[in-house]
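The lines below spell out each chain.
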Amino acid sequence: MASQLKVDFSRESNKAIRDQEGIGSDYELWHQFKQGHEEAFITIYNRFVEDLYQLGHQLTADSETIKDCLQDFFIELRTRRENLSDTDNIKLYLFKSFRRKIFHTLKKSKRLKFVSDQQEDDTFPAEFSADEKIINAQMDEFQLKQLNEALSKLPAKEREAIYYFFYKNMSYSEIAALYHYDHISSARRLIYKSLKKLRKFLFF
Amino acid sequence: MKKKDSDIIWLLQQAEFKQWVINPTRESDLFWQKWLSENPDLKTSLEKARELVLRLYFKAPELKADEKNEMLDKIISASFTQPSKSRFKPWDWLQVAAILAVLISITIVFTDQKYTIQGTVEKIEVDYVVKENPNGTKSSFTLPDGSRVSLNAASCLRFPRQFSDSNRQVELKGEAFFEVVKNEHKPFSVKTGDVITTAIGTSFNVRSYPDQVDVNVALVNGLVKVTKTDHDSTTFLLKPGEKVRFYQGYEELSDFNKTMEMGWKEGILVFKNASFNDFIRQTERWFGVVYEIQGDLKKDWNIDGRFDNESLEEILTGLSFSKGLNYNINGQKVIIELKE
């Protein structure tokens, strides 16, 4: 019966109210910012500063460093605004350049352990939270614990891709752009690779 | 048939799938409903895949509203006081100039406010934007000046596409939470019936539903002025943590409970001394459902409770024990049967 198949899609998660629309298109807004419109800058700042702050927190727990970095980042954007390239995807533009900046800063201050060291890497600390209330929940605590262990063993780069794809709702092509991949299929492969490692914990 | 786990992985790889889970729309709801009716044996896989996306969590503290505003101030002033290449180092002078500018703008603010009280607001022809939420839908968006609004269900906000040079005025029916971008030259005000709330660099919550006679304004940080524009223009200056309620011709100033006033933003539904009718009205708005009540209410309710991101079903199950009722949820329609 059709009614039996009905899944309840009611508002059980406030993730759905994540940032949505704004005023005007990205291209237009960015253009206004470049021309010196203060309101355009403030709109951009307000819309993305929290996202960028949280991105920073995936790489270091040091809030002060992130705030300094973020402040410098926006000041630089403003001083170079006339020379910035055009974009119709402000979020991607900012993520890409802030990611670069924070990697660079942390590398300089040696607060970031690099993946190549093959040490325990605690960047992008992902988990499947047991707190989130889900209707028709299928996973039990034990299964979540196993999945979380598997997540923590993924290479940081894969957790990072998961962050963008599932948590920041970015597309494959946006992830490819972030990682400077030539082909979108490389981003697909990266997500697939990381999911495959979780596979054995998904049965039952 | 493929193994169950690869169905989950297949679903998770689909950009349309995660897009739907994170940001469902009417169209995608329909699409996945249809997909499910064509693949009934994949119901568990779909639910698991969906659960994984919803449970995914990356720890990060929030950037507080005042930290955000403070940083914005620093960014803007830093770009104005960029060290100049000039040999005369005019930097010190620029700083003095900046301080003067602030003092002057404060004076302007006071004059501005006085004009607002006297009602001499310039009327300029402007385009308006109207954001309206039906029952069961909440939204958040940015105003043309960069201020953030979280708009509750069954609420409506009307604002100009471009604010005028002298002020930023918006009109609200229902409930909204505002994080206002500081701008001393343009006071930000919210009009709700005959109550006007004016703010400068502030986060606050305003509630005034047409079916509730009262107007509530609660302040998180900054400073707001609340004016009732009746014959004697009663004015309140709110400090952080205070709220004012206009109710049947009198006003009441009090402290407030943050969850009670603003929990709705985080998906927390709160009841305080709620009667049966209060409960019905509030949940109709919250979940976008329509009730049919069967039977008579023997004794009115007086419930206190806090529901953190819970479904209507979970809430009604809880109440069915304590209040003796049966319920039946069928899509948007909910039948409540009050037992003898």
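Residues numbered from 1 in each chain as written. Chains lettered and ligands numbered in written order. Predicted model: local features only at pLDDT ≥ 70, side-chain atom pairs only at ≥ 80, totals over all residues. Heavy atoms only, no water.

Engineer: Talk me through the pattern of salt bridges; I want residue IDs and the actual numbers.
Structural biologist: Residues and elements named next belong to chain B. For the structure shown, the criterion picks out 24 salt bridges over all chains. The closest approach of N and O atoms between Glu261 and Lys243, which form a salt bridge, is 2.8 Å. One end of the pair, Glu261, is in helix α7 (residues 258-262); the other, Lys243, is in strand β11 (residues 242-247), with 18 residues separating them in the sequence. An identical accessibility class is assigned to Glu261 and Lys243; each is buried. (Salt bridge = Lys/Arg side-chain N within 4 Å of Asp/Glu carboxyl O. Helix = DSSP H or I, 4+ residues; strand = E, 2+ residues; numbered from the N terminus. Buried < 20%, exposed > 50% of the residue type's maximum accessible area, 1.4 Å probe, protein only.)

Engineer: Describe in detail the environment of Lys173 of chain B, supporting the description with residues and values.
Structural biologist: Residues and elements named next belong to chain B. With respect to the element layout, Lys173 can be found in strand β6 (residues 168-179). Between the C-alpha atom of Lys173 and that of Glu132, which follows or precedes it by 41 residues, the distance is 9.2 Å. When sequence neighbours within four positions are dropped, the list of residues in contact with Lys173 reads Ala154, Ser155, Cys156 and Ser208. (Contact = heavy atoms within 4.5 Å.)

Engineer: An account of the interface of chain A and chain B is requested, with residue identities and associated values reported.
Structural biologist: On the chain B side, the residues contacting the 78 residues of chain A number 74 residues. Buried area between chain A and chain B, both sides added, is near 7300 Å², and the carbon and sulfur share of it is 60%. The closest approach of N and O atoms between Lys67 of chain A and Glu67 of chain B, which form a salt bridge, is 2.8 Å. In this structure, the connection of chain A to chain B is made through 15 residue pairs in polar contact (both at pLDDT 80 or more). Counting residues per element, the ones that place at least two in the side of chain A that touches chain B are α1 (2-5), α3 (38-57), α4 (63-79), β1 (126-128), α6 (141-153), α7 (156-167) and α9 (184-198) of chain A. Per element, the largest residue contribution to the side of chain A that touches chain B is 13 residues, and it comes from α3 of chain A. Here the side of chain A that touches chain B is composed, by residue class, of 38 nonpolar, 19 polar and 21 charged. (Buried area = accessible area lost by both parts, 1.4 Å probe. Polar contact = N/O pair within 3.5 Å; in protein donor to acceptor, adjacent residues only side chain to side chain. Nonpolar A, V, L, I, M, F, W, Y, C, P; charged D, E, K, R; others polar.)

Engineer: I'd like a rundown of the side chain of Lys18 of chain B, residues and numbers included.
Structural biologist: Checked against the element boundaries, Lys18 of chain B lands in helix α2 (residues 15-22). Despite its burial, Lys18 of chain B remains without a salt bridge, the nearest opposite charge being carried by Glu174 of chain A at 6.5 Å. A polar contact of 2.4 Å, which involves the side chain of Lys18 of chain B, links it to the backbone oxygen of Met170 of chain A. Apart from the residues within four sequence positions on either side, Lys18 of chain B is in contact with Phe165, Phe166, Asn169, Met170 and Ser171 of chain A. (Lys, Arg positive; Asp, Glu negative; His and termini not counted.)

Engineer: Before we move on, can you summarise unusual backbone geometry with the specific residues and values?
Structural biologist: Of note, Phe124 of chain A is a non-glycine position whose phi angle comes to about 45°, a positive value. Here Phe124 of chain A is to be found in the loop between α5 (90-108) and β1. Judged by its relative accessible area of 1%, Phe124 of chain A falls in the buried class. One non-glycine residue, Asn273 of chain B, lies in positive phi territory at about 45°. Inspection of the secondary structure assignment puts Asn273 of chain B in strand β13 (residues 268-274).

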